[in-house]
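Structure at a glance
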Amino acid sequence: MGNKLSRIALNDEGFIFDPETGNSYTVNRTGLFILRLLKEGKSEKEIVKSLTETFNVDEREAERDLIDFVEQLRLYGLLEGKNV
Amino acid sequence: MKEAYEKPVILKLKTGMMNKFGSSPAYIRKVRKEIDGIPVEKLVEKFGSPLFVFSEKKLRQKFREVKNAFTLRYPNVEFSWSYKTNYLDAICAVLHQEGETAEVVSEFEYEKARRLGVPGNQIIYNGPYKPYDSLVTAVKEGARINIDHFEEIADLEKVADELGVKPRVGIRLNMDTGIHPQWSRFGFNLESGQALDAVKRIASGGKLELVGLHCHIGTFILDPHAYEVEVKKMVDFAYTVEDQFGFKIEYLDIGGGFPSKNRLKGIYLPPEVAVPSVDEFAERVCSALLSSLRPGDYPKLILESGRAIVDEAGYLITTVHAAKRLPSGLKAYVLDAGVNILFTAFWYKFNIEIDREVYGTSEPCVLYGPLCMNIDVVDDLTYLPPLPRGTRLILSPVGAYNVTQWMQFIRYRPAVVLIGENGEVDLIREAEDLTDIVRREKLPERLKLEW
């Protein structure tokens, strides 16, 4: 997992600060949930499993949404290369 | 017990980009589960998606609103339904029931109105191209014809000779009313003296009786003052004609062009603010008339309002087929309806409603249609919460022009239904299938495939 993600500041409200660029972001609850797991170095498979265990969502939708979310992180420069 | 799921969203925070109306697009969403009391899902189940839905209640309501606005202010008004705006039989029938005559601009529209049962003398025949045979029919059946150019004067004189009658006609004028673009391609120009030349020509021919003046200043006119200018100029010209040539101008057809509560691209204010009320238009038109007409003279005022009446009565239900993330980070949705059936998407930003509660922060997104064509964009930037596949979007207003200008291109055209005032749902145009499209095709024998 990239160093980038470990450097970003993340609070319980879903506020994100990227000290490298000075940009800030906000994520919703699910986004926060995923980011925390990413920071812990969990794999895509593990994250999907956690999502389906915690939330009322099926595996297919969770997987699809995770791909989309990771794409967004990458576009914002919060993930480097292939992290999951 | 598992927690409710919301699709993960991340938004970049931007400072100094406060919304001046104080509302954040991130949390605004509009949910519409039914149209006139009929659940959206039920409509789609029965008639498929995409689906055009018209509200008879709204259509009649809107017409009466426009009618009242004018008839309360002027004693002699006729409303003529602009067929090109929406010539579905059922829509025209509702408006004819309400008392509208028919305003047509081609032999096709003329035939469609006649087929529906509209008598010839209840038809106004406009437009720059009126084939000779259609003029013969129109004169025979007593339609009111507004002449567009000098050739048409000659054509009608020929018809007069052929039928041995003296057709009663109008001429179309174009003029400067202070708005841009100025429509100058239809009719005879007033300021240059061309219109007066046309009257001279008609008078010297002696075969036609000039009884009306027609004008149509533009479309989606947001400035009521333009109509005031139009009316005054028409009245002045009418008296010039009457005094110099002895014709009696019985009607002043001021056309249409009144806007609907739709949002034009590039206009920042919401339509509720930007679009003047119909009363405002009526007040300007009628007070201009009453202040410039001679005492006791009340020529018929004809209005050809189309969009202002039907636009808001029409909805399009469309379904989210797929979601993607563009390289720019923008979310994109692929819908089952595109510009092939939503011609007005090129200049309007539709009101977008969702058929269900969707949780999560709205994100900027683009709505694409189903066509494999780059131009197929229904909305290039809107804010929607993360939509699951299968979500229905209800787009409005789409009642004007879409079901006439739609194209059979790449996909079949969908069904159109009308919800009656008592909740009846009637199919008023079936969805197309292959037979509609190939009916006119002929394959030469030598090209028949033997696979």
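Just so we're clear, the structure is a prediction, and the values are computed from it rather than from any experiment. As a convention, each chain's residues are numbered from 1 in the sequence order in which they are written. Chains carry letters from A onward and ligands carry numbers from 1 onward, assigned in written order. Restriction of local features to residues with pLDDT of at least 70 applies here, the model being predicted, together with a cutoff of 80 or more for giving and counting side-chain atom pairs; totals for whole chains, interfaces and linings are based on all residues.

1. Here we look at the overall build of chain B
- Secondary structure elements are defined from DSSP: runs of H or I of at least 4 residues count as helices, runs of E of at least 2 residues count as strands, and each element is numbered from the N terminus. Each helix and strand counted, chain B has 13 helices and 23 strands in total.
- Within these notes, the globule rule equals 2.2 Å times the number of residues to the 0.38 power, and the radius of gyration is based on C-alpha atoms. In terms of overall dimensions, chain B is globule-like: its C-alpha atoms have a radius of gyration of 25 Å, near the 22 Å expected for 451 residues.
- Projecting the C-alpha coordinates of chain B onto the three principal axes gives extents of approximately 90 × 65 × 45 Å.
- Residues counted as buried form 43% of the 451 residues belonging to chain B.
- This entry defines residue contacts through backbone-placed C-beta atoms, with two residues in contact when those atoms are within 7 Å. Residue pairs at least 24 apart in sequence account for 70% of intrachain contacts in chain B once pairs closer than 6 positions are excluded. Once C-beta atoms are placed from the backbone, each residue is buried if 20 or more other C-beta atoms lie within 10 Å of its own, exposed if 12 or fewer, and partly exposed for counts between those two.

2. A short note on unusual backbone geometry
Residue and element names in this part refer to chain B.
- Of the consecutive residues S49 and P50, the connecting peptide bond is found in the cis state with omega at 0°.
- The omega angle of the peptide bond from S396 to P397 is -10°, so this bond is cis rather than trans.
- Topologically, P397 is positioned in the loop between β21 (392–396) and α12 (402–405).
- The phi angle at D36 is positive, at roughly 45°, despite the residue not being glycine.
- Residue placement: D36 occurs in the loop between β2 (34–35) and β3 (38–39).
- Here the phi dihedral of Y401 falls at roughly 70°; this positive angle occurs in a residue that is not glycine.
- Inspection of the secondary structure assignment puts Y401 in the loop between β21 and α12.

3. Examining the domain arrangement of chain B
Residue and element names in this part refer to chain B.
- Assigned domains within chain B: domain 1 (34–53 + 312–432) and domain 2 (87–305).
- A separation of 35 Å is found between the C-alpha centroids of domain 1 and domain 2.
- Listed by partner, the interface residues are 12 residues for domain 1 and 9 residues for domain 2.
- At the level of elements, β17 (348–349), α12, β22 (415–419) and β23 (425–429) are the ones that each hand at least two residues to the side of domain 1 that touches domain 2.
- In terms of residue class, the side of domain 1 that touches domain 2 is built from 8 nonpolar, 1 polar and 3 charged. Boundaries between domains were set according to an automatic or database domain assignment. When residues are sorted by character, Ala, Val, Leu, Ile, Met, Phe, Trp, Tyr, Cys and Pro go into the nonpolar class, Asp, Glu, Lys and Arg into the charged class, and all the rest, Gly among them, into the polar class.

4. Describing the interface of chain B and chain A
- With 16 residues of chain B in contact, the opposing surface of chain A contributes 22 residues.
- Top contributing element to the side of chain B that touches chain A by residue count: strand β1 (residues 10–12) of chain B, with 3 residues.
- Two elements, strand β3 (residues 24–27) of chain A and β1(B), share 3 bridges in a ladder whose sense is antiparallel. In the strand pairing of β1(B), A:Y25 is matched with B:K12. The rule for pairing is simple: two strands pair if DSSP sees at least two bridges between them.

5. Considerations on helix α1 (residues 40–47) of chain B
All names here are of chain B.
- Buried residues of α1: V40, L43 and F47, and no others. Projected down its long axis, α1 shows its buried positions confined to an angular sector of 65°, all on one face. Seen from the buried face of α1, the exposed residues on the opposite side, beyond 90 degrees, are K42 and E45.
- G48 occupies a position one or two residues after α1 and carries a positive phi of about 85°. As used here, the arc is the angular range of directions from the helix axis to the C-beta atoms.

6. Brief notes about the confidence of the model for chain A
- Looking at chain A, the pLDDT average stands at 87 and 92% of residues meet or exceed 70.
- Across chain A, element-level confidence peaks in helix α3 (residues 44–54) of chain A with a mean pLDDT of 95 and bottoms out in helix α1 (residues 3–7) of chain A with 78. pLDDT expresses, on a scale from 0 to 100, how confident the predictor is about each individual residue.

7. Details of the environment of B:K331
- In this structure, B:K331 sits in strand β16 (residues 331–335).
- If near-sequence neighbours (up to four positions away) are discounted, B:K331 is found in contact with B:A323, B:R325, B:E363 and B:C365.

8. Some thoughts on the confidence of the model for chain B
Residue and element names in this part refer to chain B.
- Per-residue pLDDT for chain B has a mean of 93; in total, 97% of the residues score no lower than 70.
- Low pLDDT, under 50, characterises residues 18–23; the predicted model gives this stretch 2 contacts beyond four residues in sequence or across chains.
- For this predicted complex, the interface score ipTM comes out at 0.88, alongside a pTM of 0.87.

9. With respect to the sheet that holds strand β1 (residues 9–10) of chain A
- One open sheet accounts for 4 strands, arranged β1(A)-β2(A)-β3(A)-β1(B); its pairing is antiparallel. Where the open sheet ends on each side, the last strands, each with one partner, are β1 of chain A together with β1 of chain B.

10. A look at the environment of B:E250
Residue and element names in this part refer to chain B.
- Within the secondary structure, E250 is located in the loop between α8 (224–245) and β12 (251–253).
- With 51 residues separating them in the primary sequence, E250 and L301 have C-alpha atoms 9.0 Å apart.
- Those residues in contact with E250 that sit more than four places away from it in its chain are V211, G212, P299 and K300.

11. Considering the packing of helix α5 (residues 132–140) of chain B against helix α6 (residues 150–163) of chain B
Residue and element names in this part refer to chain B.
- For the pair α5 and α6, interaxial distance at closest approach is 10 Å and the crossing angle is 55°. Taken together, α5 and α6 sit at an angle that is classed as oblique. The two elements α5 and α6 meet at a crossing, and its hand is right-handed. Contacts from Y132, L135, V136, V139 and K140 in α5 reach D155, L156, V159, E162 and L163 in α6.
- Along the lines of polarity and charge, the residues of the contact of α5 with α6 split into 7 nonpolar, no polar and 3 charged. Orientation is described by lines fitted to C-alpha atoms, with helices fitted over the stretch in contact, and by angles between N-to-C directions that extend from 0 to 180 degrees. Oblique is the label for every angle not falling under 35 degrees (roughly parallel), over 145 degrees (roughly antiparallel), or within 65 to 115 degrees (roughly perpendicular). Helix crossings fall into two classes, left-handed where the near helix is turned counterclockwise from the far one by less than a right angle and right-handed where it is turned clockwise.

12. Describing helix α3 (residues 89–97) of chain B
- Turning to α3(B), its buried residues are B:A90, B:I91, B:C92, B:V94 and B:L95.
- Of the residues trailing α3(B), B:G99 is marked for its positive phi of about 110°.

13. Structural notes on the pairing of strand β15 (residues 314–325) of chain B
Residues and elements named next belong to chain B.
- Judged from the 4 bridges that link them, strand β4 (residues 51–55) and β15 form a sheet pairing that is antiparallel. Its bridge partner being in β15, F52 is matched across the sheet by L316.
- Pairing of β15 with β21 involves 4 bridges; the strand directions are antiparallel. Paired with I317 across the two strands is I394, which belongs to β21.
- What sits between the antiparallel neighbours β15 and β16 is a turn of 5 residues, in which G329 has the positive phi angle 95°.

14. Re the pairing of strand β8 (residues 144–147) of chain B
Residue and element names in this part refer to chain B.
- Side chains R144 and N146 project from β8 onto one buried face, and the interleaved I145 and I147 project onto a second face that is buried too.
- When the strands point away from the viewer and the connection leading from the first strand across the helix to the second strand turns clockwise, the crossover is called right-handed. Remark: the strand β7 (residues 123–125)/α5/β8 crossover connection has right-handed handedness.
- As judged from the 3 bridges shared by β8 and strand β9 (residues 168–174), these two strands associate in the parallel manner. Each bridged residue has a counterpart across the sheet, and for N146 the counterpart in β9 is G170.
- As a crossover connection, the stretch from β8 through α6 into β9 is right-handed.

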